[in-house]
Amino acid sequence: MVRVALRHGGAPLNMANGVREFAKAMPGTVAVIDGDRQLTYAELGDRAARVAQGLLASGLQPGSRIAVHMGNRMEYFEIAAGIAMAGMTMIPLNTRSVDKEVEYIFDKSKVQALLLDEKLAPVTENLRDRLDVVWSLDGDEAGRGYESVLAGASSVDPMIAVDENETFIIMFTSGTTGKPKGVQLSHRGRVLTCYSTALDFGIHPGRKTMAVAPMYHGAGFSFAYTAVFTGATISVLRSWDPEEFLTLAQRDRTQTAFMVPTHAQTLRALDRGPSAYNLSELDTLYFNAAALPKVLKEWVIDSFPQTGVFEIYGSTEASVVTSLRPPDAMRKIGSVGHPWFMTELRVVDDDGNPVGPGEPGELFSRSPHLMTGYLDDPEATSNCTTEDGFVTAGDVVIRDDEGYIYIVDRKKDMIVTGGVNVYPREIEEVIATFPAVHEVAVVGMPDDKWGESVTAVVVPRSGTDIDMAALQAHVEPQLSSFKFPRRWELSDALPRNASGKVVKRDVVTAISPEG
């Protein structure tokens, strides 16, 4: 008798496998819709294999790092799957980055190939000469024409063996402080994130979703790619436009979609809102980037009455950490829920000691979704991790008696005024209840007497003027005197990063005398 040793853990998890599976199981099912273009699972599998073979035929080896510089479009899915099939590592580039920012990422990650949208070519003009492999979509001046490369490549999946703990993707944090860091995410972690996403938010064969957030961002990519990994159909919104979102959701009968609070703000500002569209199929919305302010969440629930609203909290480093599910949406307004699948939490003080219910502390999480570390930066990795495998994004939270998590604020955004800690989010929530306020950011500004003074930067709702005296009179009774802003500023908009988060350091710079 011949004995065969079983592989411990079974088949390795790989980010190409979902496309492989459904190309065979559901070849005629539409995988991706992009405008008037459609791609079936058979076509997606074929084109992904051609991407893989094209990269390998160009002389690149498994483990090579491939930069991808494009916005949301149909090809993003086949490129990601093809890179995984080739055993290479994907490095998405922010379409809003300038040349110096992209150069930093090229240097830090030692990029060996670039796949780009021709219209973004000026950003990498001075970088492409260092690469032997450059493919261009919608043109061939910046590199070889993408379609001609695929036409000449084999459609046979190369089936490169990849350890599931190898890096599939390096996401450079758009960050709210300092230089971007390369977050290394493994095949195993991303696959489990896809399955958990599918389970919580209803993404599976027969379901229809939409790519709304930018796919060059961690959450935008994971939540969009989940669709093709689990056999759903995904429509592509190339860039955010609230009317186009509603039109596309109606046309394609979207059932589940990921958004950030900024999207909800712009939907709320429309004269012709959600009620003017047939969104009867839309049953799930899930929000990330920041907790929905109370007034905005109430609007979302009223405007999408047939839809279950989730609020999730996470980071590029930790993936989704908590989820507040629809049954608790109104009962626990302000909360981001309980630990997500396979996730353990700790809430600790500055000395690492656990804090009790109602006490603020820094949130740490541990799960199989976590990053494997920052690229070539062991010091930064050590600063946000523990010896037993927990990671933090530096957020201060409170856990209530039922175990629900509430984000108080980012530790780095905390204001210290007169020796007292002040958390901006609490103040922002109060200011946001004033009817003429569209959004607000509260920051600490240098102050000779107080160390930092609480400062509110307010964006008015479209077509309205804010009576500052009335606004201050509205806010003052609701806050302790040390929390009441000493300075008020008006602004047309707040600076945000790719994930939709307000960049507080840019707010400070904008209102500084030297800004």
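Provided above is the structure to which this section pertains.
Described in the following lines is the structure provided in the data block. The residue numbering used here restarts from 1 in each chain and proceeds along that chain's sequence as written. Predicted model: local features are reported for residues with pLDDT of at least 70 only, side-chain atom pairs are reported and counted for 80 or more only, and whole-chain, interface and lining totals are derived from all residues. As a convention, hydrogens and water are excluded, and side-chain values are obtained from all of the structure's heavy atoms.

Attention now goes to unusual backbone geometry. With phi around 65°, S319 is a residue other than glycine that occupies positive phi space. Under the DSSP-based scheme used, a helix requires at least four consecutive residues in state H or I and a strand at least two consecutive residues in state E, with every element numbered from the N terminus. Here S319 shows up in strand 15 (residues 319-324). One non-glycine residue, M342, lies in the positive phi region at around 65°. Mapped onto the elements, M342 comes out in the loop between strand 16 (335-339) and strand 17 (344-348). Residue M342 is classed as partly exposed on the basis of its relative accessible area, which comes to 46%. Only protein chains enter the accessibility calculation, which uses a 1.4 Å probe; a residue is then buried when its area is under 20% of its type maximum, exposed when over 50%, and partly exposed in between.

Turning next to helix 6 (residues 187-201). Here helix 6 is 15 residues long and its end C-alpha atoms lie 21 Å apart, about the 21 Å a rise of 1.5 Å per residue gives. Of all the 15 residues making up helix 6, 12 are buried; the element is thus mostly covered by neighbouring parts of the structure. Listing the buried residues of helix 6 in full gives H187, G189, R190, V191, L192, T193, C194, S196, T197, A198, D200 and F201. Just beyond helix 6, the residue with positive phi is G202, at close to 70°. In a helix, the anticipated span is given by 1.5 Å times the number of residues less one.

Next up on the list: the nonpolar core. Ranked by internal contacts, the top residues of the largest apolar core, which has 91 residues, are F77, F221, Y225 and V228. When checking whether two residues touch, look at their non-hydrogen atoms; a contact exists if any pair is within 4.5 Å. Leaving out residues up to four positions away in the same chain, Y225 has contacts with M15, A16, V19, F77, A80, A81 and C194. To define a nonpolar core, start from buried Ala, Val, Leu, Ile, Met, Phe, Trp, Tyr and Cys residues and group those joined through side-chain atoms within 4.5 Å. Grouped together as the second largest cluster of nonpolar side chains are 23 residues, A249, L282, F287 and L296 included.

Residues in a regular strand point their side chains to alternate faces of the sheet. Within strand 8 (residues 167-172), 6 of the 6 residues are buried, leaving the element largely enclosed by the surrounding structure. Across 5 bridges, strand 8 lies against strand 9 (residues 182-186) in antiparallel orientation. What sits directly across from M171, in strand 9, is V183. The criterion for strand pairing is that DSSP finds at least two bridges linking the strands in question.

On to the pattern of salt bridges. By convention in these notes, a salt bridge is any Lys or Arg side-chain nitrogen within 4 Å of a carboxyl oxygen on Asp or Glu. Scanning the model with the defined rule gives 31 salt bridges in all. With a closest N to O distance of 2.8 Å, R50 and D46 form a salt bridge. Taken together, the residues R50 and D46, both in helix 2 (residues 41-57) and 4 residues apart, mark about one turn of the helix. Judged by its relative accessible area of 28%, D46 is partly exposed. As a salt-bridge pair, D252 and R251 come within 2.7 Å of each other at their nearest N and O atoms. We classify R251 as partly exposed; its relative accessible area is 46%. When salt bridges with common partners are traced through the structure, they connect D34, R37, R73, E75, D117, D138 and R238 into a single cluster.

Pairing within the open sheet is mixed, and its 3 strands lie in the order 24-25-26. Two strands lie at the open edges of the sheet, namely strand 24 (437-447) and strand 26 (487-490), each paired on one side alone. Between one strand axis and the next, the sheet turns through 25° on average, direction left out of account. Sheet topology places strand 24 next to strand 25 (residues 451-460); 10 bridges connect them, and they run antiparallel. Paired with M445 across the strands is S453, a residue of strand 25. Sitting on the sheet, helix 12 (residues 424-431) touches strand 24, strand 25 and strand 26, and the angle it makes with strand 24 is about 140°. Note on geometry: axes are lines fitted to C-alpha atoms, helical ones only across the stretch in contact, with angles between N-to-C directions running from 0 to 180 degrees.

What follows deals with the pairing of strand 26. Alignment of strand 25 against strand 26, held across 4 bridges, turns out to be parallel. When the sheet's bridge partners are listed, V457 is paired in strand 26 with E489. Read from strand 25 through helix 13 (residues 468-475) to strand 26, the crossover connection turns out right-handed. We call a crossover right-handed when, viewed with both strands directed away from the observer, the connection leading from the first strand over the helix to the second proceeds clockwise.

Before going further, it helps to examine the packing of helix 2 against helix 3 (residues 75-85). Two packed helices can be described by the angle between their axes and the distance between those axes. Running from N to C, helix 2 and helix 3 point in directions that differ by 55°, and their axes come no closer than 7 Å. In terms of axis orientation, helix 2 runs oblique to helix 3. Crossing geometry of helix 2 relative to helix 3 is assigned as right-handed. Here L44, G45, R47, A48, A49, V51, A52 and L55 of helix 2 come into contact with helix 3, specifically with E75, F77, E78, I79, A81, G82, I83 and M85. Looking at the contact of helix 2 with helix 3, its residues break down into 11 nonpolar, 2 polar and 3 charged. Geometric relationships in this document are graded by angle, where less than 35 degrees denotes roughly parallel, more than 145 denotes roughly antiparallel, 65 to 115 denotes roughly perpendicular, and other angles denote oblique. Handedness of a crossing follows from how the near helix is turned relative to the far one, being left-handed for an anticlockwise turn of less than a right angle and right-handed for a clockwise one. When residue character is reported, Ala, Val, Leu, Ile, Met, Phe, Trp, Tyr, Cys and Pro are called nonpolar, Asp, Glu, Lys and Arg charged, and the others, Gly included, polar.

Our focus in this paragraph is the side chain of N14. Following the sequence through the fold, N14 ends up in the segment before helix 1 (17-25). Distance and chemistry together define a polar contact, namely a pair of N or O atoms within 3.5 Å, with one atom able to donate a hydrogen and the other to accept it when in protein, and with adjacent residues in sequence counting only for side-chain atoms on both sides. One polar contact links the side chain of N14 to the main-chain amide nitrogen of A16, over a distance of 2.8 Å. The contacts of N14, once residues within four sequence positions are left out, are R20, A84, V162, H187, V191 and F229.

It is worth spelling out helix 14 (residues 504-511) at this point. Residues lying three or four places apart along an α-helix face the same way, a consequence of the helix completing one turn every 3.6 residues. Along helix 14, the residues classified as buried are K504, V507 and I511. For helix 14, the angular spread of buried residues about the axis comes to 55°, placing them on one side. Buried residues belonging to helix 14 abut helix 12, strand 24, strand 25 and strand 26. Taking the helix axis as origin, the arc is that swept by the directions to the C-beta atoms.

Looking now at the environment of L55. Relative to the helices and strands, L55 resides in helix 2. The exposure class of L55 is buried, given its relative accessible area of 0%. Counting along the chain gives 28 residues from L55 to I83, while the straight-line C-alpha distance between them is 8.0 Å. Excluding residues within four positions of it along the chain, L55 makes contact with L60, I66, I83, M88, L115 and W135.

All we've got here are geometric facts, nothing functional implied.
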